[in-house]
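A look at the structure
Here is what each chain is made of, one letter per residue.
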Amino acid sequence: MVPDILRDSTFGQLTNWASKGRIFPYPEERPGYNAPSKYIHGPGSPPASDSRGSQDDSTMVEQEGVIQQGSKDVEKGEKQKEENKEAEKYPWLVEWDGPDDPDNPRNWSTRKKNFVAVLIGLLTFSVYIGSAIYTPSIPSLEEYFGVSQTVGTLGLTLFVLAYGLGPMIISPVQENPAIGRSPPYIIGLFLFVLFQMPELLAKNIWTIMIFRFGSGFVGSPALATGGASLGDMYDYHVLPYALSVWSVGAVLGPVFGPVIGGFAAMNNGWRWPFFELLWISGFALLVLFFCLPETLDDKILYHRAKRLRKVTGNEKLKAQCELDDTGESLIVDVGKRIRYGILLSMEPAVAFGNVYIALVYAIFYLWFEAFPLVFQDIYGMNLGLSDLPYLGFIVSGAITLFFYILYQKYHMIPRIMKNPELPPEARLELGIVAGCIVPISLFMFGWTSRASVHWMAPVVGAALYLPGVYLIFQCIILYIAQSYPKYQASILAGNAFFRSTFAAFFPLFGAHFYHVLGIGDLEDWVSQMIKAMRMSTARPMAPATHRTEEVDEPLAEG
């Protein structure tokens, strides 16, 4: 496992390229390698005993088997369909060497898959923690640069806004076989680490704001395709478990941020949370640079085809992704994905899902404004101690994850196995229960946040919010993705943009919202108003689960 991971990592790929295949070689690059017979004589040739290292001495390539292209005058849409049909019978297709090909990510050992999943989780955590680790620095920034609380909070807003915008642009890039998933991860994380330096050395507040936005944008590949990387490895019946663990890791980033940064900011000033973020992301970059392999199957086959063309001299050898290439530029592809994301957001089912998730996600970021007001102003805790109640989210998150795994294993997956045509609306059933947990959490937090009640009561009330938002996330994301399977990448990128944009602006008015209503009664009034907003969107979920008709595809092919 270790040699393969090191070879397929960014470090291994760069070393292989610089040494022209002499260091960390692939089978096709090793001395004495002979290409499988099917890549030399074409289909129908005698099978070799070892498809990755045939002893056939012939290296000459026959000239038959060229697929004639259709007329150039054929309409583009029809031409693409014809090319797809031709690709299915292309005689020089480079594909997996049987169902057990070790280079296929789905054939990796369970230990290797889990190791890579942990690396994806580390990447996600190291970026997501950057949003909330900033919040303990806000009071010091206000005093140091002489700015208002709204301007200080803008650093959180810009970061969240940027990592919602990033997937709209980066998702298509990571689906490109010539690029794949790993390079945007590593390059983005490298820039993320680099952007912490100007923030640490900033002489004015706007330098920090500019690089906060930049950090969020370059760190967004973890948000854009972290789940897709897991989907490259795990089979359908195992994927929900992997995604559920990864999602909890994504939530724990913002939760740990204030806990890690609180005492540092209190004792050493606003720069120290940035130092901590630099250390965390720098460690993640070092580990991922040496250990994170490529998981996109199209890229693996694309490079295998290139190596085979080099060793055989057969320029007709192509991977399926090369045959499917429409010739569109990456810019055009990005534009198309953005257009699809916008159009899909106008669909009623998608619009409801986006609004609902955006609201609960935005309220989640209001906790970063509510906690200092409650635990510092009412309970008299210092900056460091007032951030420790966030640990309640970790406890509730662990319990929720355990429950969700059991729910998938004993309820949902058996239903899908019994009825593969189970409508996507079935995914929303658990969301009805989760939708009730959110207002209960807000009511409990609001009613118990007073000096006469022990501080543990609002901690428990706040912690109940995580099961609600987590389960709602899982249900709605799976629902809209399965409703429009042809446009999953666009629809999920659009959802990320919508919810992040919505959530980004809540912290800007959150503290003002609380203060205007008064410190003494702020918990009751604000939480009840938010609860009313949340409940106003809860009722449509129940009838949605009973709609079992097939969802219409809103976009034409091409």
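Computed from a predicted structure; not experimentally measured. Numbering of residues starts from 1 in each chain and follows the order in which that chain's sequence is written. The model is predicted, so local features are restricted to residues of pLDDT at least 70 and side-chain atom pairs to those at 80 or more, both for listing and for counting; the totals for chains, interfaces and linings are taken over all residues. In computing side-chain values, all of the structure's heavy atoms are included and hydrogens and water are not.

A few words on the overall build of the protein chain. When its secondary structure is counted, the protein chain shows 23 helices and 2 strands. Counting only contacts in the protein chain whose residues sit at least 6 apart along the sequence, the fraction spanning at least 24 positions is 78%. For the area figures, the Shrake-Rupley method with a 1.4 Å probe applies, and any residue is considered shielded solely by the protein chains shown. Looking at the protein chain as shown, the accessible area adds up to about 25000 Å², and 65% of this sits on carbon and sulfur atoms. Counting from the N terminus, the helices are the DSSP runs of H or I reaching at least four residues and the strands are the DSSP runs of E reaching at least two. In what follows, residue pairs with any heavy atoms lying within 4.5 Å of each other are defined as contacts.

What follows deals with the side chain of Arg307. Within the secondary structure, Arg307 is located in helix 12 (residues 297-312). Since its relative accessible area comes to 12%, Arg307 is described here as buried. Not counting the four nearest positions on each side in its chain, Arg307 is found in contact with Tyr26, Glu28 and Glu29. Accessibility here uses a 1.4 Å probe with only protein chains present; expressed as a share of the type maximum, an area under 20% marks a residue as buried, one over 50% as exposed, and anything in between as partly exposed.

To continue, consider the layout of surface pockets. Each cavity reported here is a set of points on a 1 Å grid over the protein atoms alone in which a 1.4 Å probe fits but cannot get out, each pocket an open set with protein on both sides within 12 Å along at least five of seven lines, and each lining residue one with an atom within 4 Å of a point. Grid points are joined across faces, edges and corners, and a volume is the space filled by probe spheres set on the points. Approximately 960 Å³ is the volume found for the second largest pocket. Forming the boundary of the second largest pocket are 32 residues, of which Gln13, Asn16, Tyr26, His303 and Arg307 lie nearest the centre. Secondary-structure elements contributing two or more residues to the lining of the second largest pocket are helix 1 (2-8), helix 2 (10-18), helix 7 (182-200) and helix 12. With 7 residues, helix 12 is the single largest residue contributor to the lining of the second largest pocket. Only Asp, Glu, Lys and Arg are considered charged in this grouping, and only Ala, Val, Leu, Ile, Met, Phe, Trp, Tyr, Cys and Pro are considered nonpolar; every other residue, Gly among them, is considered polar. Here the residues of the lining of the second largest pocket sort into 12 nonpolar, 7 polar and 13 charged.

It is worth spelling out the nonpolar core at this point. Only buried residues count toward a nonpolar core. Its members are Ala, Val, Leu, Ile, Met, Phe, Trp, Tyr and Cys residues joined through side-chain atoms within 4.5 Å. Judged by nonpolar contacts, the single largest core of 116 residues is most densely connected at Ile208, Tyr365, Trp367, Phe393 and Tyr465. Among the elements that make up this core, the one with the highest residue count is helix 15 (residues 348-378) (20 residues). Ranked by size, the runner-up nonpolar core spans 18 residues in total, among them Tyr39, Trp96, Leu317 and Cys321.

Attention now moves to unusual backbone geometry. One non-glycine residue, Lys20, adopts positive backbone phi at about 55°. Position of Lys20 among the secondary structure elements: in the loop between helix 2 and helix 3 (76-88).

Time to look at the confidence of the model for the protein chain. A residue's pLDDT is the predictor's confidence in that residue, given on a scale from 0 to 100. Confidence along the protein chain averages 80 in pLDDT terms, with 82% of residues attaining 70 or more. Considering only residues more than four positions removed or in separate chains, one finds that residues 46-78, a stretch of pLDDT under 50, has 48 contacts. Confidence drops under a pLDDT of 50 for residues 542-554, and excluding neighbours within four residues, the segment shows 24 contacts in the predicted structure.

What follows is about the pattern of salt bridges. It is possible for side chains bearing opposite charge to pair when their charged atoms get close. The working definition used for a salt bridge is a side-chain nitrogen of Lys or Arg within 4 Å of a carboxyl oxygen of Asp or Glu. Summed over all chains, the structure comprises 12 salt bridges. Within the structure, one salt-bridge network assembled from shared partners comprises Arg7, Asp8, Glu28, Asp97, Asp101, Asp103, Arg304 and Arg307.

Attention now goes to helix 8 (residues 205-218). The span expected for a helix works out to 1.5 Å for each residue beyond the first. Here helix 8 is 14 residues long and its end C-alpha atoms lie 20 Å apart, about the 20 Å a rise of 1.5 Å per residue gives. Buried within helix 8 are the following residues: Ile205, Ile208, Met209, Arg212, Gly214, Ser215, Gly216 and Val218. In the analysis that follows, any N or O atom pair within 3.5 Å is treated as a polar contact, provided that within protein one partner can donate a hydrogen and the other can accept it, and provided that, for residues neighboring in sequence, both atoms belong to side chains. Residue Asn204 occupies the N-cap position of helix 8, its side-chain oxygen lying 3.1 Å from the main-chain nitrogen of Trp206.

Following both chains from N to C, one finds helix 10 (residues 239-268) and helix 15 inclined at 10°, their axes separated by 11 Å at the closest point. Considered as vectors, helix 10 and helix 15 are oriented roughly parallel to each other. Of the residues in helix 15, those touching helix 10 at Val251, Pro254, Val255 and Pro258 are Phe364, Tyr365 and Phe368. A fitted line through C-alpha atoms represents every axis, and for helices the fit uses only the stretch in contact; the resulting angles, taken between N-to-C directions, go from 0 to 180 degrees. Oblique is the label for any angle not under 35 degrees, not over 145, and not in the 65 to 115 range, which are roughly parallel, roughly antiparallel and roughly perpendicular in turn.

This part is about helix 7. Given 3.6 residues to a turn, an α-helix orients residues that are three or four positions apart in the same direction. For helix 7, with 19 residues, the first-to-last C-alpha span of 28 Å sits near the 27 Å given by 1.5 Å per residue. For helix 7, every residue scored as buried is listed here: Ser182, Pro184, Tyr185, Ile186, Gly188, Leu189, Phe192, Val193, Phe195, Gln196, Glu199 and Leu200.

Right, let's get into the side chain of Arg181. You can see Arg181 is positioned in the loop between helix 6 (149-174) and helix 7. Setting aside residues no more than four positions away along its own chain, Arg181 makes contact with Gln174, Glu175, Thr225, Ala228, Ser229, Asp232, Glu294, Thr295 and Leu296.

Turning our attention to the packing of aromatic side chains. Centre distance within 6.5 Å is the pairing criterion for rings of Phe, Tyr and Trp, where only the six-membered ring of Trp is used; planes under 30 degrees apart are then read as stacked, over 60 as edge-to-face, and the remainder as tilted. Within the structure shown, the criterion is met by 41 aromatic pairs. Relative to Tyr390, the ring of Phe371 has its centre 4.4 Å away and its plane inclined at 25°; by these criteria the two rings are stacked. Separated by 19 residues along the polypeptide, Phe371 in helix 15 and Tyr390 in the loop between helix 16 (383-386) and helix 17 (391-418) bring together distant segments of the chain. Judged by its relative accessible area of 0%, Phe371 falls in the buried class. Taking 5.8 Å as the distance between ring centres and 85° as the angle between the ring planes, the aromatic pair formed by Tyr404 and Tyr470 counts as edge-to-face. In this pair, Tyr404 sits in helix 17 while Tyr470 sits in helix 20 (residues 465-483), placing the two residues 66 residues apart along the sequence. The same class applies to Tyr404 and to Tyr470, which are both buried. Should the NZ of a Lys or the CZ of an Arg lie within 6 Å of a ring centre and within 35 degrees of the ring normal, that charge is described as sitting over the ring. When the ring centre of Tyr26 is taken as origin, the NZ or CZ atom of Arg307, which lies over that ring, is 3.8 Å away. One Lys or Arg, Arg499, reaches over the ring of Tyr361 and ends 5.6 Å from the middle of that ring.

Along the chain, Val360 falls in helix 15. You can call Val360 buried: its relative accessible area is 0%. Between the alpha carbons of Val360 and Phe473 there is a distance of 9.0 Å; along the sequence they are 113 residues apart.

With that settled, the discussion passes to a nonpolar patch on the surface. Put simply, a patch holds well-exposed residues, over 30% relative accessible area, that have no salt bridge, with like charges counted together within 9 Å and Val, Leu, Ile, Met, Phe, Trp or Tyr side chains within 5 Å. Judged by side-chain polarity, Phe263, Met266, Leu385, Leu388 and Leu391 come together as a nonpolar surface patch covering roughly 360 Å² of accessible area. Tracing the sequence through the fold places Leu388 in the loop between helix 16 and helix 17.

Turning our attention to the packing of helix 4 (residues 110-132) against helix 10. Closest axis-to-axis distance for the helix 4/helix 10 pair is 7 Å, and the angle between their directions is 40°. Taken together, the axis directions place helix 4 and helix 10 in an arrangement best described as oblique. As helix 4 packs across helix 10, the resulting crossing turns out to be right-handed. Contacts between helix 4 and helix 10 involve Ile120, Gly121, Thr124, Phe125, Tyr128, Ile129, Ser131 and Ala132 from the former and Trp246, Gly249, Ala250, Leu252, Gly253, Pro254, Phe256, Gly257, Pro258 and Ile260 from the latter. Looking at the contact of helix 4 with helix 10, its residues break down into 12 nonpolar, 6 polar and no charged. It is the rotation of the near helix from the far one that decides the hand of a crossing: anticlockwise by less than a right angle makes it left-handed, clockwise makes it right-handed.

Time to look at the environment of Pro27. Here Pro27 shows up in the loop between helix 2 and helix 3. For Pro27 and Arg307, which are 280 residues apart along the polypeptide, the C-alpha to C-alpha distance reads 9.5 Å.

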